[in-house]
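Chain by chain, the residues run as shown.
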Amino acid sequence: MTVLQFPANRRIGDVKRCAEALQRLHGEQANRFWRSEMTDFAAALRRSGIVEEEISRQAGLYMHAVQMELQVAFAIEENNASA
């Protein structure tokens, strides 16, 4: 079992930063941003000696956390628009 000091889905600052950027970006620009984020994310874990299986698991957790943050932001925006 690999123990990470800061599991990807608990890196709240990074999750919020990424979600905020994705709210502003669209189409290919958003795709490039996301690919770059995930490339950098995986590279940092590799440098820390994390095995590929765990990198994949952490990437999934991070992606899910970003998606949840985007959903919350969308719900807030919808709620404010209907108020």
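The model shown is predicted, which means the values in this text are computed figures rather than measured ones. The numbering scheme is per chain: residues are counted from 1 as the chain's sequence reads. With the structure being a predicted model, the display of local features is reserved for residues of pLDDT at least 70 and the display and counting of side-chain atom pairs for 80 or more, all residues being used for whole-chain, interface and lining totals. To get the side-chain values, take all heavy atoms of the structure and skip hydrogens and water.

Details of the nonpolar core
Threshold: The set of buried Ala, Val, Leu, Ile, Met, Phe, Trp, Tyr and Cys residues whose side-chain atoms join them within 4.5 Å is what this entry labels a nonpolar core. Partly exposed describes any residue whose relative accessible area lies between the buried limit of under 20% and the exposed limit of over 50%, with all areas from a 1.4 Å probe on protein chains only and scaled to the type maximum. Helix and strand definitions here come from DSSP, where helices need a minimum of 4 consecutive H or I residues and strands a minimum of 2 consecutive E residues; each element is numbered from the N-terminal end. We call two residues in contact whenever any of their non-hydrogen atoms come within 4.5 Å of each other.
Counting 19 residues, the largest nonpolar core has Cys 18, Leu 22, Phe 33, Phe 41, Tyr 62 and Val 66 as its most contacted members. Those elements that place two or more of their residues in this core are α1 (12-24), α2 (27-47) and α3 (52-82). Examining the composition of this core, we find that six residues originate from one element, α2, more than from any other. In contact with Cys 18, not counting residues within four places along its chain, are Phe 33, Trp 34, Glu 37, Tyr 62 and Val 66.

Some details on the pattern of salt bridges
As a reminder, the rule being used: Basic side-chain nitrogens of Lys or Arg form a salt bridge, by our definition, when they fall within 4 Å of a carboxyl oxygen of Asp or Glu.
Evaluation of the coordinates by the stated rule reveals six salt bridges. The residue Asp 14 makes a salt bridge to Arg 17 at a minimum N-O spacing of 4.0 Å. Of this pair, Asp 14 and Arg 17 are both found in helix α1, three residues apart, which corresponds to roughly one turn of the helix. Assessed through its relative accessible area of 33%, Asp 14 is described here as partly exposed. The exposure class of Arg 17 is partly exposed, given its relative accessible area of 36%.

A look at the confidence of the model for the protein chain
Heads up, the rule is: Per-residue confidence from the prediction method is given by pLDDT, with values spanning 0 to 100.
Looking at the protein chain, pLDDT values average 91 and 94% of them are 70 or higher. In the model of the protein chain, α3 stands out as the element of lowest mean pLDDT, 93, in contrast to α2, which has the highest, 96.

Describing the packing of aromatic side chains
Quick note on the threshold: Between 30 and 60 degrees the pair is tilted, below 30 it is stacked and above 60 it is edge-to-face, where a pair is any two Phe, Tyr or Trp rings, Trp via its six-membered ring, whose centres lie within 6.5 Å.
The full count for this structure, using the stated rule, is two aromatic pairs. Geometrically, the ring pair formed by Trp 34 and Tyr 62 is stacked, given 6.2 Å between the ring centres and 10° between the ring planes. Within this pair, whereas Trp 34 is found in helix α2, its partner Tyr 62 is found in helix α3, the two being separated by 28 residues in sequence. Ring plane angle 15° and centroid distance 5.3 Å describe the contact between Phe 41 and Tyr 62, whose orientation is recorded as stacked. With Phe 41 in helix α2 and Tyr 62 in helix α3, this pair connects stretches of sequence that are 21 residues apart. Judged by relative accessible area, Tyr 62 falls into the buried class, the value being 3%. Through a chain of ring-to-ring contacts, the aromatic side chains of Trp 34, Phe 41 and Tyr 62 assemble into a single cluster.

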